[in-house]
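# Coordinate analysis (summary)
Next come the chains, spelled out residue by residue.
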Amino acid sequence: MNTDSADHGYRAALDRAHEHANQWLDSLPARPMGPRMNADQLLARFATPLQEQPLEPAAVIDELARLAEPGLMAMPAGRFFGWVIGGTLPAAMAADWLVSAWDQNAAMRYATPATAAAEEAAGAWLLELLGLPEGSDVGFTTGATSSNFAALAAARSHVLDQTGWDLAADGLCGAPRIQVFTGEQGHVSVELALKYLGLGRPIPVAADSQGRMLPAALAAALERKAGPAIVILQAGNLHSGASDPLAELAEIAHRHGAWVHVDGAFGLWAAASPTHRHQLAGLADCDSWATDAHKTLNVPYDCGVVMVSRPQVLRSVFGAHTSYLISDDHGPGDPFEKVPEMSRRARGVPVWAALRSLGTSGVAALIDTLVEHAQSFAAGLGRLEGVEVLNEVVYTQLCVSFGSDARTRNITARMLADGTAWMSGSHWAGRDVLRISVSNWTTDARDVALSLAAVEQAMAAEDANEPMPQSRN
C-alpha cells in the first residue's frame, strides 16, 4: 500500500468518499426507492476471499461504493414514507463527517471538552425547544430504544429506592416487583427496553380508537397495583400519530406514586411547534422522556435523546468511578454518565449543527411542513373512490385501507414494485393498512403529488386485474 507520508492516504480516500456521496445524493430525486438486489445477492459480491496484501484506501472506497450501490434504499429521498425515517439536513451530515474525522471518544468532559460542550449546548436547546424542565439531564444514545432503556433504568432505580431497596448494591433478585403500565398500543421498543431491564411484560391499559391511553382505565389499573410502579405514556402513536392526554395521565400516575416516562420517538417534536404543542399539554409534568433525532430532526443515524428530570438518578445508574477515569464531579456531569455506553462517538454534535442551522423558527417550520404534507396525503387519498383514511391525521402519520385486506395488500405490493414512492404495509385496528409516515425535510408538494399519482395508478392496475409487476428495484 503506497500512502503519502503526510496524510497516510486520508486525503485520496476522503476525496473519493466525497465524490461518491455527492453522486448518491444527486441520484435521489430520480432513482427507484427500493434496492435492486437483496442481501444474499449482495453478500456474494462482498464476501470474496480476503486478499493477502493491503489495498489503497481510495481504491477500497471506490469498490465499496460500486458493490453497495444496487443494495441501497433511497431512504433519504423526498418520496420515502416507510416506517418513520427522516433524511439528513446538510449541516448535520457535514458535522457528522467532522465527528468521524475528529475521532473523539466522547465519554469525558476532561478528555473531549469540545464535543462535550457542543452536546451540552444542544441538550439545553432541546430542553428549551420542547418545554422540558431546565436542569434535566440530556444524553445522546443510539436511538429511541436505547433512550427508553436509559430512562427506564433510571425509573427502575428510583422507584426501588423509594421502597428502601438498593438496586446497585443488591440487584434485582428479591427486590419488590415493579409493575409497569403502558397503553395497549405502545411501541415494541418499550417492550424491548423492559425486557433488557428484566422488568418483564408491561400491563396494558385500554386506549381509544386512535391509540390514546384512557385516563379512567389507568386510574383503575393503578388502584389495583401493589408496590412500586412505572407508567409509560406515548407521544405519537406509531399508526395514528396521536398522543396520550399527558397532563391528566401524569397527575393520576403521580398521585399513585408512579414514575412517568414518555416514549416520544417522533411525536415528542410536536412540542417544538407552536401550532402543535397543545397535543402534548402536560409534557413537562412527567419524569423522563425519550425521542429520536434521526427521525423528525433529520440528523444522521444513529442518534436518540434521553432526558431525565432527576440528573442524580440517571448518573447513579450509568456513572462509574475508577482511578483511570478523570471525572467531572460538578455541574453537567460526564457524557458517559447519562447513557449505557462508555466508548461512544459524539453523536450530539450533528444535533447541535442541525439546531444551529434551523433556529427555533426553522424547527417549528420543519414540523409544521411535515404535518401539512401528511394532511395533504389524507385529503388527496380521501378523494379517491374506495379509499378510507382510518385515523385522524393530527401529526405526521396516516393509515389507509383500500377496502378488503387482500386489496390493500395488493395495492401496497404494486406501489413497492413500481418504485415511485415507498410506503410500508402494516396492520392496525384489526385491518391491513398502507401506512404513510412523512418524516423527511426534503419532501415537497411535488413529491406528494407524484406519490398520490402512484397510488392511483396502483389502484387502477389492481382494478384492471393486471399481472403483478416485477419490481423495478
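Turning our attention to the overall build of the protein. Check the secondary structure of the protein and you find 14 helices and 11 strands. Taking 23 Å as the expected radius of gyration for a compact globule of 473 residues, we find that the protein reaches 24 Å, a close match to that expectation. The principal-axis extent of the C-alpha atoms belonging to the protein is close to 65 × 65 × 45 Å. Expressed as a percentage of its 473 residues, the buried residues of the protein come to 51%. Expressed as a percentage of contacts within the protein between residues at least 6 apart in sequence, the contacts between residues at least 24 apart total 74%. Just so you have it, the protein exposes about 21000 Å², and 55% of that area is on carbon and sulfur atoms. Charge-centre separation for the protein: the mean point of 33 positive side chains lies 3 Å from the mean point of 52 negative side chains.

Right, let's talk about the sheet that holds strand β1 (residues 137–141) for a bit. In space, the seven strands of this open sheet follow the order β1-β7-β6-β5-β4-β2-β3, with mixed pairing throughout. What marks the edges here is a single partner per strand, and that holds for β1 and β3 (203–205). Adjacent strand axes in the sheet meet at a mean angle of 20° when their direction is disregarded. Looking at chain direction, strand β4 (residues 229–234) and strand β5 (residues 259–263) are connected through five bridges and run parallel. Bridging across to β5, isoleucine 232 finds its partner in histidine 261.

Turning next to the packing of aromatic side chains. All chains considered together, the criterion is met by eight aromatic pairs. Among the aromatic residues, those joined into a cluster by ring pairs are Phe80, Trp83 and Trp422.

Turning to unusual backbone geometry, a few remarks are in order. That bond from tyrosine 301 to aspartate 302 is cis: its omega, -10°, falls within 30 degrees of zero. Relative to the helices and strands, aspartate 302 resides in the loop between β6 (288–292) and β7 (304–308). The backbone of aspartate 103 sits at a positive phi, close to 55°, despite the residue not being glycine. The backbone phi angle of alanine 429 is positive, close to 55°, even though this residue is not glycine.

Here the focus is helix α5 (residues 113–130). End to end, α5 covers 26 Å across 18 residues, agreeing with the expected 26 Å (1.5 Å per residue, within 8%). Those residues of α5 that sit buried are Thr115, Ala116, Ala118, Glu119, Ala122, Gly123, Leu126, Leu127, Leu129 and Leu130. Of the surrounding secondary structure, the elements contacted by the buried residues of α5 are α4 (90–102), β1, β7 and α12 (348–382). Trailing α5 by a residue or two, glycine 131 shows a phi angle of about 70°, which is positive.

The rules behind each value
- Residues numbered from 1 in each chain as written.
- Predicted model: local features only at pLDDT ≥ 70, side-chain atom pairs only at ≥ 80, totals over all residues.
- Heavy atoms only, no water.
- Helix = DSSP H or I, 4+ residues; strand = E, 2+ residues; numbered from the N terminus.
- Rg over C-alpha atoms; globule rule 2.2 N^0.38 Å.
- Buried < 20%, exposed > 50% of the residue type's maximum accessible area, 1.4 Å probe, protein only.
- Contact = heavy atoms within 4.5 Å.
- Areas by Shrake-Rupley, 256 points an atom, 1.4 Å probe, with all protein chains shown as cover.
- Lys, Arg positive; Asp, Glu negative; His and termini not counted.
- Charge placed at Lys NZ, Arg CZ, Asp CG, Glu CD.
- Pairing = 2+ DSSP bridges.
- Axes fitted to C-alpha atoms, helices over the stretch in contact; angles between N-to-C directions.
- Phe/Tyr/Trp six-rings, centres within 6.5 Å; stacked < 30°, edge-to-face > 60°.
- Expected span 1.5 Å × (residues − 1).

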